[in-house]
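For reference, the chains in residue letters:
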Protein chains: 2
Amino acid sequence: MLKGILAVLLVLVTLSSAMGKPEKTTPKKEKRIPQTLSRGWGDQLIWAQTYEEALFWSRSKNKPLMIIFHLEDCPHSQALKKAFAEDKDIQKLADDDFVILNLVYETTDKHLSPDGQYVPRILFVDPSMTVRADITGRYANRLYAYEPADMKLLLSNMQRALKFLKTEL
Amino acid sequence: MLKGILAVLLVLVTLSSAMGKPEKTTPKKEKRIPQTLSRGWGDQLIWAQTYEEALFWSRSKNKPLMIIFHLEDCPHSQALKKAFAEDKDIQKLADDDFVILNLVYETTDKHLSPDGQYVPRILFVDPSMTVRADITGRYANRLYAYEPADMKLLLSNMQRALKFLKTEL
């Protein structure tokens, strides 16, 4: 046990000396928080990193893919993110039945911007790699946009994406 | 000091009880550690998420792009990752002068696999979006592979990527 404590202390000393160093030797840099793949959209979910990876998982797991396009400095994206991350039903359904991807950069696939490259927007892709352009939100000028008040609609759209899957495959 | 030890023990107890819990209360789900973009290749570095994003940053910052292809369950990738993450010179140069991206899935760009899609492999791309197929490691059968013992070569290759940049642009 004592050995364990000593080992832990050693780790702590090492950690604190490592953490203490940057300030002394390289005054320019502060300690950064490692970037997460979730970017705050659900730290407990398993996120694909790239569209290629997401398509691979969607096909191999036969789960629909949900792609969230957003920007870190866009207040609408931030507000939607908060609502999305806090909605337990959405988080659970995403975790259980979807492959999920959030992107701050557009892909080269034009099918992912049926009515333009705006943020935030959410698109569904089925495992056959067909973009489900028919699953839309409530705004006629930005069909794939959602606001924090639209979480019920988003949840029902997720359920539609799953329903399509069962009916058509 | 004793307080510190107690705190550490408490953390340990919490950790071990947390680790023990999933079996008891929620048999399916354990608490997940959020995935990081670094995937362990340098938590303090700023990583691009996708190739598109990396190209954008490379062009707009006029910095060469370094792409690491790897796999989580590949022992060669893991060994290289450890050496890469622990090499202060490489980490500093990567942080200061490169746009960096690590990928566990291949992109659709065939230029990124000049001699095949193996892992681990490291490729450099200059801001004009030209893949620097001339910057290679020491293995004739896998030109872009590196081993943990090759960190000096990798560092010098990074410096070559920067030198090209200054000479040619």
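Since the model is a prediction, treat every value here as computed from it, not as a measurement.

Draft legend 1. Summary view of the sheet that holds strand β1 (residues 47–48) of chain B. All names here are of chain B. A sheet is described by the order of its strands in space; here four strands give the open sequence β1-β3-β2-β4, paired in mixed fashion. Both outer strands of the open sheet, β1 and β4 (121–125), are each paired with one neighbouring strand and no more. Pairing between strand β2 (residues 65–69) and strand β3 (residues 99–103): five bridges, direction parallel. In the strand pairing of β3, phenylalanine 69 is matched with leucine 103.

Draft legend 2. Main features of the interface of chain B and chain A. Counting residues at the interface gives 36 residues for chain B and 36 residues for chain A. Buried surface at the junction of chain B and chain A, summed over both partners, amounts to about 3200 Å²; 51% is from carbon and sulfur atoms. Of all residues in chain B, Arg32(B), Gln35(B) and Tyr105(B) bury the most surface against chain A, accounting for 23% of the area lost on that side. Here chain B and chain A share four salt bridges between them. Among the ionic pairs, Asp95(A) bridges to Arg32(B), the shortest N-O distance being 3.1 Å. Among the secondary structure elements, those contributing two or more residues to the side of chain B that touches chain A are α1 (2–24), β1, α2 (51–61), α4 (88–97) and β3 of chain B. Partitioning the side of chain B that touches chain A into residue classes produces 17 nonpolar, eight polar and 11 charged.

Draft legend 3. Quick peek at the pattern of salt bridges. All names here are of chain A. A full pass over the atoms with the stated rule returns 18 salt bridges over all chains. A salt bridge links lysine 82 to glutamate 86, with the nearest nitrogen and oxygen atoms 3.2 Å apart. Here lysine 82 pairs with glutamate 86, and both are found in helix α3 (residues 75–86), just four residues apart, close to one helical turn. Given the relative accessible area of 51%, lysine 82 is considered exposed.

Draft legend 4. Structural detail: helix α4 (residues 88–97) of chain A. What α4(A) keeps buried is the set Ile90(A), Gln91(A), Leu93(A), Ala94(A) and Asp95(A). For α4(A), the N-terminal cap is Asp87(A); the gap from its side-chain oxygen to the backbone nitrogen of Asp89(A) is 3.1 Å.

Draft legend 5. The nonpolar core, seen in detail. One finds Phe124(A) and Phe124(B) to be the most contacted residues of the largest nonpolar core, which totals 51 residues. If one sorts the elements of this core by residue count, helix α5 (residues 151–168) of chain A sits on top with eight residues. Apart from residues lying up to four places away in sequence, Phe124(B) is in contact with Leu65(B), Met66(B), Phe98(B), Thr130(B), Val131(B), Arg132(B), Ile135(B), Tyr146(B), Leu154(B), Asn157(B), Met158(B) and Ala161(B). Among the nonpolar cores identified, the runner-up in size contains 19 residues, and Ala48(A), Ile67(A), Val99(A) and Tyr118(A) belong to it.

Draft legend 6. Focus on the confidence of the model for chain A. Residues and elements named next belong to chain A. Mean pLDDT over chain A works out to 87, with 80% of the residues at or above the 70 mark. Low confidence marks residues 5–26, where pLDDT is under 50. Its contacts with residues over four positions away, or in another chain, come to 12 contacts. In the predicted assembly, ipTM is 0.76 and pTM is 0.79.

Draft legend 7. Local environment of the relation of the copies chain B and chain A. By a simple turn and slide, chain B fits onto chain A: the slide is 0.0 Å along the axis, the RMSD is 0.0 Å, and the turn is 180 degrees. In the structure described here, the two chain copies are related by an operation that fits a two-fold rotation axis. Among all residues of chain B, the one whose C-alpha sits closest to the rotation axis is Thr36(B), at a distance of 2.1 Å. The share of interface residues of chain B whose copies in chain A are also at the interface is 100%, consistent with both copies meeting through the same surface.

Draft legend 8. Region of interest: the environment of Thr50(B). Mapping Thr50(B) onto the fold places it in the loop between β1 and α2. The exposure class assigned to Thr50(B) is buried, which follows from its relative accessible area of 4%. With sequence-adjacent residues up to four places away left out, Thr50(B) is seen in contact with Gln49(A), Thr50(A), Leu103(A), Tyr105(A) and Leu101(B).

Draft legend 9. Quick look at the pairing of β2(B). Residue and element names in this part refer to chain B. Here β2 lies mainly inside the structure; five of its five residues are buried. Going residue by residue along β2, you find Leu65, Ile67 and Phe69 tucked away on one face and Met66 and Ile68 tucked away on the opposite face as well. Bridge count between β2 and β4: five bridges; the pairing is antiparallel. Bridge pairing in β4 places phenylalanine 69 opposite arginine 121.

Draft legend 10. A look at the packing of aromatic side chains. Applying the stated criterion across every chain yields a total of 10 aromatic pairs over all chains. Summarising the aromatic geometry, the rings of Trp41(A) and Phe84(A) are spaced 5.4 Å apart at their centres and angled 70 degrees between planes, so their arrangement reads as edge-to-face. Here the residue Trp41(A) occupies a position in the loop between α1 (2–25) and β1 (47–48), and Phe84(A) occupies one in helix α3, the gap between them amounting to 43 residues. Across the pair, Phe84(A) and Trp41(A) agree in class, each one buried. Residues Trp57(A) and Tyr105(B) carry aromatic rings whose centres are separated by 6.2 Å and whose planes lie at 65 degrees to one another, so their mutual orientation is edge-to-face. A residue pair is termed interchain when its members come from two chains, as with Trp57(A) in helix α2 (residues 51–61) and Tyr105(B) in the loop between β3 and β4. Since its relative accessible area comes to 30%, Trp57(A) is described here as partly exposed. Here a set of aromatic residues connected by ring pairs shows up, and it is made of Phe56(A), Trp57(A) and Tyr105(B).

Criteria and cut-off values
Residues numbered from 1 in each chain as written. Chains lettered and ligands numbered in written order. Predicted model: local features only at pLDDT ≥ 70, side-chain atom pairs only at ≥ 80, totals over all residues. Heavy atoms only, no water. Pairing = 2+ DSSP bridges. Helix = DSSP H or I, 4+ residues; strand = E, 2+ residues; numbered from the N terminus. Contact = heavy atoms within 4.5 Å. Buried area = accessible area lost by both parts, 1.4 Å probe. Salt bridge = Lys/Arg side-chain N within 4 Å of Asp/Glu carboxyl O. Nonpolar A, V, L, I, M, F, W, Y, C, P; charged D, E, K, R; others polar. Buried < 20%, exposed > 50% of the residue type's maximum accessible area, 1.4 Å probe, protein only. Polar contact = N/O pair within 3.5 Å; in protein donor to acceptor, adjacent residues only side chain to side chain. Core = buried A, V, L, I, M, F, W, Y, C linked by side-chain atoms within 4.5 Å. pLDDT = per-residue confidence, 0-100. Least-squares fit on C-alpha atoms with pLDDT ≥ 70 in both. Phe/Tyr/Trp six-rings, centres within 6.5 Å; stacked < 30°, edge-to-face > 60°.

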